[in-house]
Amino acid sequence: MFCLCSFIQSFHCRHGKAYLFNKVVNISVGEKEDRMMMTGMHTVADIFCVGCGSIVGWKYEAAHEKSQRYKEGKFILERFKVSGPDGSHYWATQESHVVGSDADDA
């Protein structure tokens, strides 16, 4: 189970809705790599569920565009990859709207 703290905003990514958080738990962080995304070049690291090892999103390590630097140190969780404690899909409880897209460009 993930503890999702400090929900910031929702995004649309390659697989649908995703959410930006200040902090998440029960994840491990992979290796850093540069990725070209819809909003420009970012240095990111995939994040993995500590329970099952699945990739559940990524962490923004650095943004190369000044306008995107607010994402640095924050986490994206892709909704379709996150399940609740009963196995059902996770749903954000805070009313939100899609503000951008950060899917990989490829």
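Residues numbered from 1 in each chain as written. Predicted model: local features only at pLDDT ≥ 70, side-chain atom pairs only at ≥ 80, totals over all residues. Heavy atoms only, no water.

1. Observations concerning the confidence of the model for the chain
Line of reasoning, step 1. Mean pLDDT over the chain works out to 77, with 67% of the residues at or above the 70 mark.
Line of reasoning, step 2. Taken together, the stretch residues 91-101 has pLDDT below 50 and engages in 19 contacts with residues farther than four places along the chain or on a different chain. (pLDDT = per-residue confidence, 0-100. Contact = heavy atoms within 4.5 Å.)

2. Re the pattern of salt bridges
Line of reasoning, step 1. In this structure the tally under the stated criterion is three salt bridges.
Line of reasoning, step 2. Put simply, Glu33, Arg35 and Asp46 are held in one network by salt bridges that share partners. (Salt bridge = Lys/Arg side-chain N within 4 Å of Asp/Glu carboxyl O.)

3. Digging into the side chain of Asp46
Line of reasoning, step 1. Summarising the element assignment, Asp46 is placed in strand β4 (residues 40-49).
Line of reasoning, step 2. A relative accessible area of 18% means that Asp46 is categorised as buried.
Line of reasoning, step 3. Among the polar contacts made by the side chain of Asp46, one reaches the side chain of Arg35 at a distance of 2.6 Å.
Line of reasoning, step 4. Apart from the residues within four sequence positions on either side, Asp46 is in contact with Ser28, Val29, Gly30, Glu31, Arg35, Ile55, Gly57 and Trp58. (Helix = DSSP H or I, 4+ residues; strand = E, 2+ residues; numbered from the N terminus. Buried < 20%, exposed > 50% of the residue type's maximum accessible area, 1.4 Å probe, protein only. Polar contact = N/O pair within 3.5 Å; in protein donor to acceptor, adjacent residues only side chain to side chain.)

4. Structural notes on the packing of aromatic side chains
Line of reasoning, step 1. Applying the stated rule across the entire model yields one aromatic pair.
Line of reasoning, step 2. Judged by centre distance (6.3 Å) and plane angle (80°), the ring pair of Trp58 and Tyr60 falls under edge-to-face. A single burial state applies to Trp58 and to Tyr60, both of which are buried. (Phe/Tyr/Trp six-rings, centres within 6.5 Å; stacked < 30°, edge-to-face > 60°.)

5. Some points on unusual backbone geometry
Line of reasoning, step 1. Non-glycine residue Asn26 carries a positive phi angle of around 65°.
Line of reasoning, step 2. Position of Asn26 relative to the elements: it lies in the loop between β2 (16-24) and β3 (27-37).
Line of reasoning, step 3. Exposure remark for Asn26: the relative accessible area of 38% places this residue in the partly exposed category.

6. Things to note about the pairing of β3
Line of reasoning, step 1. Both β3 and β4 contribute to a ladder of nine bridges, which runs antiparallel. Counterpart to Glu33 in the pairing with β4 is Val44.
Line of reasoning, step 2. Hairpin geometry of β3 and β4 is characterised by an intervening segment of two residues between the two adjacent antiparallel strands. (Pairing = 2+ DSSP bridges.)

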